Amino acid sequence: MRRFTGLALTAAAIFTLGGGAVWAAPAAPAATPFPSIGWQQRNCDYDGNGFDDVLLGAPGATVSGARGAGYVTVQYSSSSGLSTAKKSVLHQNTSGVPGGAESGDGFGQAVASGDLDNDGYDDAIVGIPGEDLAGLSNAGGAIVFWGSPTGLHGADSSWLENPGRLRADAKFGRAIEAARYFAPDPSDPDANPRDSIAVLENDTLLFFTAPPGAAVKQLKPADDGVQALDLTPLETGFALRSLSHGNYNEDSWADLAISGVTTGDHPGIGATRVLYGAPSVEALGDGGAFDGGPAVVSSDFNHDGQDDLAIGDTGAGSPVGGSVSVYLGKGDLSGLDPTPAQTWTQDSPGVPGTAEAGDRWGSEMSSGDTNGDGLPDLAIGAPGEDVGSVSDAGAVWALRGARGGLTATGARSFDQNHPDIPGAAEPLDRWGGQVRLIDANKDGLFGLLAAAPGENTNDGFVWVVPSSSSGLVAHGTWTYDGARLGAPAANARFGAAIDE
């Protein structure tokens, strides 16, 4: 039997590091419920023109001769949709960016967005988990690029690292998420509201924020770090892998889902923990532990105004091929129901395809309204899917939203052997290794970005799949790579990260 609901994260503010749990008191109830912040409220408008932009990582790229240094691209959207003309390419050799491009940095392995200074322009955070610091290999770091009327630039970018605990192979910046988890000034929680950053190392969760009275664009650690080192039911370790934020308990704060896999004697089992937001970082509360991981995405799947959590389970002991379970908010301050309302696999009735070992169905997910009915749908990537006899070619599924939750009615799947999808399925393309649903032109229809980081022997490409009143449609799909954006293409793993 595979149950990890006893999994715990130990934190200076929430637990004692010796292993005894000391839970913070739950946050005080809000005067009025706080609505869903999952798929409806994006935070990726870097130039403030009202349209969602796209932040994409190519962590394998060679920059100035440094292999695997990596870069990110930003594509700025408008009423005409997603553009490959209006864009930025940013890396550590960009003027003003801290540090320099070095082999193996992996700049762009993780990306996230949020308005960190409450100026109306969203900011971008880029993880560099392979960064060497103070002679420590893969200690990791991150860069913040501040939004402006002209988008993102290197000139005023900011550096982040684990200031108190630099360690070799910590890989700070392996996952990042920004939202309003707590108030920078607990004495006045409603003053100058702004997002804070959650950053993962292998075994630590850290928060950064702009504290009261700090200089503009100055970020500081908000706590001593949250660790997942010793409290798992099988007396094993826990490797943190991914983050998602939503509002699961209808208070005034964003909540954070932290997912990963076990290590040690029983490795690779997926598990997820939720932290409830609160007026102060010290008061972050326990939102429960949930089976499955290491992929998570938040959305209001049953359309009740409260966020739910989808967990993609591709770890050891998961259903054959992988699964996606949906945990619903209970409609009050008690948060997510500990029992999944739905669990989906490729063998679920109405879902195209057949579950097979190694598919990794659910290893990547994104939510958005693909047909304009006001209900969030779910895109599911399976980068290990074999297409015919082609191994690990990859594919993407879309489950439709309904009043009671997701439905297989109208479910669709796409791969590179579809006649309207450019290219052809090839071994190790890993099409669907990243997926994102985006309404770039604000017409109410979310199209699909499907990345194949392994395309052309790890060069990487991204496909843009249109949407319609009937959902995603392959006809009209187009594709691009780093070269089209004026960036290095060879072995770039372009699309290995796309901001959700």
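Report follows, based on the coordinates. Quick caveat: nothing in here was measured; it's all calculated off a predicted structure.

1. Here's the deal with the nonpolar core
In step 1: If you look at the biggest cluster of nonpolar residues, it comprises 22 residues, and the most contacted ones within it are Tyr 71, Leu 449, Tyr 480 and Phe 494.
In step 2: Those elements giving two or more residues to this core turn out to be β2 (54-58), β27 (447-452) and β28 (461-465).
In step 3: There are two domains that each give this core at least three residues, and those are domain 1 (43-172 + 187-193 + 212-219) and domain 3 (345-499).
In step 4: Among the nonpolar cores identified, the runner-up in size contains 20 residues, and Val 297, Leu 378, Ala 382 and Trp 397 belong to it.

2. A closer look at the pairing of strand β16 (residues 270-276)
In step 1: The element β16 is extensively covered by neighbouring structure, given that seven of its seven residues are classed as buried.
In step 2: Side-chain alternation along β16 places Gly 270, Thr 272, Val 274 and Tyr 276 on one buried face and Ala 271, Arg 273 and Leu 275 on a second face that is also buried.
In step 3: Looking at chain direction, β16 and strand β17 (residues 285-291) are connected through five bridges and run antiparallel. Residue Ala 271 lies in a different strand from β17, and its bridge partner there is Asp 291.

3. Looking at the sheet that holds strand β26 (residues 434-438)
In step 1: Pairing in this open sheet of four strands is antiparallel, and the strands run β26-β27-β28-β31 from one edge to the other. What marks the edges here is a single partner per strand, and that holds for β26 and β31 (478-480). Adjacent strand axes in the sheet meet at a mean angle of 20°, parallel and antiparallel pairs treated alike.
In step 2: For β27 and β28, the ladder comprises five bridges, and the chain directions are antiparallel. From the neighbouring strand, Ala 452 faces β28, where its bridge partner is Phe 461.

4. Some points on the packing of aromatic side chains
In step 1: Following the criterion strictly, the structure yields ten aromatic pairs and no others.
In step 2: Taking the centre distance of 5.6 Å and the plane angle of 85° together, the rings of Phe 182 and Phe 207 count as edge-to-face. Placement of the pair is Phe 182 in the loop between β9 (175-179) and β10 (196-200) and Phe 207 in strand β11 (residues 204-209), with a sequence separation of 25 residues. Each member of the pair, Phe 182 together with Phe 207, is buried.
In step 3: Taking 4.9 Å as the distance between ring centres and 70° as the angle between the ring planes, the aromatic pair formed by Phe 290 and Tyr 327 counts as edge-to-face. With a gap of 37 residues between them, Phe 290 in strand β17 and Tyr 327 in strand β20 (residues 323-327) connect regions that are remote in the sequence.
In step 4: Of the aromatic side chains, those joined through ring pairs into one cluster are Tyr 181, Phe 182 and Phe 207.
In step 5: Over the ring of Phe 51 we find Lys 442; its NZ or CZ atom is 5.9 Å from the centre of that ring.

Conventions adopted
Residues numbered from 1 in each chain as written. Predicted model: local features only at pLDDT ≥ 70, side-chain atom pairs only at ≥ 80, totals over all residues. Heavy atoms only, no water. Core = buried A, V, L, I, M, F, W, Y, C linked by side-chain atoms within 4.5 Å. Buried < 20%, exposed > 50% of the residue type's maximum accessible area, 1.4 Å probe, protein only. Helix = DSSP H or I, 4+ residues; strand = E, 2+ residues; numbered from the N terminus. Domains from an automatic or database assignment. Pairing = 2+ DSSP bridges. Axes fitted to C-alpha atoms, helices over the stretch in contact; angles between N-to-C directions. Phe/Tyr/Trp six-rings, centres within 6.5 Å; stacked < 30°, edge-to-face > 60°. Lys NZ or Arg CZ within 6 Å of the ring centre and 35° of its normal.

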